[in-house]
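Coordinate analysis (summary)
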Amino acid sequence: MYLLEVLSGPLDGKTWSFEQEITIGRDDALAEACIALDRYVSRKHAKLFASGETLLLTDLESRNGTKLDGAAVSGEASLGIGVPFIVGRTVLRVTHVS
């Protein structure tokens, strides 16, 4: 099981747990991880998917993009556990649930 955590932004400290997949966005009808207070987050912004021991981060054609290591995510990007990434103006990371 994984834990998606907000490191900085309007929901600092908020977490969501997931096993296989989670969608990040501003609209709670479209995204399990809803970041409604960040107006730079699209309604359906990005997706995280666990494939074996690998986490994949995908930008869902969001208006303001998804950034990993300072670069825009295009297609799927491999995401390490604990590595910060940005959606809108919100910084997030994924950790394992203890």
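See the structure above.
A few points on the structure. As the structure is a computational prediction, the values presented were derived from the model and not from experiment. (Residues numbered from 1 in each chain as written. Predicted model: local features only at pLDDT ≥ 70, side-chain atom pairs only at ≥ 80, totals over all residues. Heavy atoms only, no water.)

**Considering the pattern of salt bridges**
Overall, the coordinates contain 2 salt bridges when judged by the stated rule. With a closest N to O distance of 3.0 Å, R43 and D27 form a salt bridge. One end of the pair, R43, is in the loop between β4 (33-34) and β5 (46-51); the other, D27, is in the loop between β3 (21-25) and β4, and 16 residues separate them in sequence. For R43, a relative accessible area of 48% puts it in the partly exposed group. (Salt bridge = Lys/Arg side-chain N within 4 Å of Asp/Glu carboxyl O. Helix = DSSP H or I, 4+ residues; strand = E, 2+ residues; numbered from the N terminus. Buried < 20%, exposed > 50% of the residue type's maximum accessible area, 1.4 Å probe, protein only.)

**Quick look at the environment of L68**
The residue L68 is located in strand β7 (residues 66-68) in this model. Measuring from C-alpha to C-alpha, the distance between L68 and V91 comes to 9.9 Å, with 23 residues separating the pair along the chain.

**Description of the packing of aromatic side chains**
The final tally for this structure, using the stated rule, is 1 aromatic pair. Taking the centre distance of 5.4 Å and the plane angle of 25° together, the rings of Y2 and F18 count as stacked. In this pair, Y2 sits in strand β1 (residues 2-8) while F18 sits in strand β2 (residues 15-18), placing the two residues 16 residues apart along the sequence. (Phe/Tyr/Trp six-rings, centres within 6.5 Å; stacked < 30°, edge-to-face > 60°.)

**Points about the pairing of β2**
The two faces of a sheet get side chains in turn, since along a regular strand they alternate between them. Along β2, the buried face is formed by W16 and F18; none of T15 and S17, which line the opposite face, is buried. Pairing analysis gives 4 bridges linking β1 to β2, with the strands arranged antiparallel. Bridge pairing links Y2 to F18 in β2. Between the end of β1 and the start of β2, which pair antiparallel, lie 6 residues, with G9 showing a positive phi angle near 135°. (Pairing = 2+ DSSP bridges.)

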